[in-house]
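Residue-level structural notes
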Amino acid sequence: HKGILFLDELYLFNKNSIESLRTPLETKEIVISRARKKAIFPADFTLIAAFNPCPCGYGIKDYRCKCSYNEVKRYLRRVSSAILDRIEIKVEMEGKQYRSSNKFKISKLKDKIAKAREIQMERNKGLLNSALTSETVERVCRLDTKSKGYLLDFANAKNISLRGFYKILKVSRTLADLEVEERVRLNDIKTAIAFKSFY
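Scope of this entry: the structure provided in the associated data block. (Residues numbered from 1 in each chain as written. Predicted model: local features only at pLDDT ≥ 70, side-chain atom pairs only at ≥ 80, totals over all residues. Heavy atoms only, no water.)

**Some thoughts on the pairing of strand β2 (residues 29–34)**
- Sheet topology note: the β2/strand β3 (residues 37–42) ladder contains 6 bridges and is antiparallel. Residue pairing across strands places I30 opposite F41, the latter belonging to β3.
- Hairpin connection, β2 to β3: the antiparallel pair is bridged by 2 residues, and A35 has positive phi, about 55°. (Pairing = 2+ DSSP bridges. Helix = DSSP H or I, 4+ residues; strand = E, 2+ residues; numbered from the N terminus.)

Structure (structure tokens):
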């Protein structure tokens, strides 16, 4: 509760175990029922998951990959679209070694994140963007006509769920906060969509 749940090799977990995260990710609670008793525990956590693009780990685009198309399809089917829909940001990481020169960039990023959190807590009355309701999201994510049209066109074309739609808005608002922008810009919407629909 109030921590991070890191699942390494997400696609190798038991499918039922992964599916059991659906409700806690939405309600921020875990309910355990045994016989005639029920216990409810708080479970407001940040889910971070990592996985290889295929069973061998190289990815089907890499010449070293020996996986067949069907093997990759079976592998990726282990996690449902319902779970993936609850993950706001998906990023492909390159297999590069960490360099000490990145320390400066990380330090600057930490400052930007701290400032963005400060902005959110003040604007949202003590809440981060991730905790906002759908009604509040619409209020704090004021979009111009072009940005709203772009998002609606994308949502209709890709049949995005209402949950997914609001998650894109929340990420867009956060991207604008990182740049200390009062309004959500079209580029924020495009970037949030790229994060959401990567995988």
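**Remarks on unusual backbone geometry**
- Non-glycine residue K28 carries a positive phi angle of around 65°.
- A residue is classified by how much of its surface remains accessible, and K28, at 33% relative accessible area, is partly exposed. (Buried < 20%, exposed > 50% of the residue type's maximum accessible area, 1.4 Å probe, protein only.)

**Description of the nonpolar core**
- With 19 residues, the main nonpolar core has L151, L169 and I189 as its most contacted residues.
- The set of elements that each furnish at least two residues to this core consists of α6 (134–140), α7 (145–158), α8 (162–178) and α9 (186–196).
- At 7 residues, the largest contribution of residues to this core is made by α8.
- Grouped together as the second largest cluster of nonpolar side chains are 14 residues, L7, Y11, I18 and L84 included. (Core = buried A, V, L, I, M, F, W, Y, C linked by side-chain atoms within 4.5 Å.)

**So, a nonpolar patch on the surface**
- On the surface, I4, F6 and I48 cluster together into a nonpolar patch covering about 310 Å² of accessible area.
- Structurally, the position occupied by I4 is in strand β1 (residues 4–8). (Patch = residues over 30% accessible without salt bridge, like charges linked within 9 Å, V, L, I, M, F, W, Y side chains within 5 Å. Areas by Shrake-Rupley, 256 points an atom, 1.4 Å probe, with all protein chains shown as cover. Salt bridge = Lys/Arg side-chain N within 4 Å of Asp/Glu carboxyl O.)

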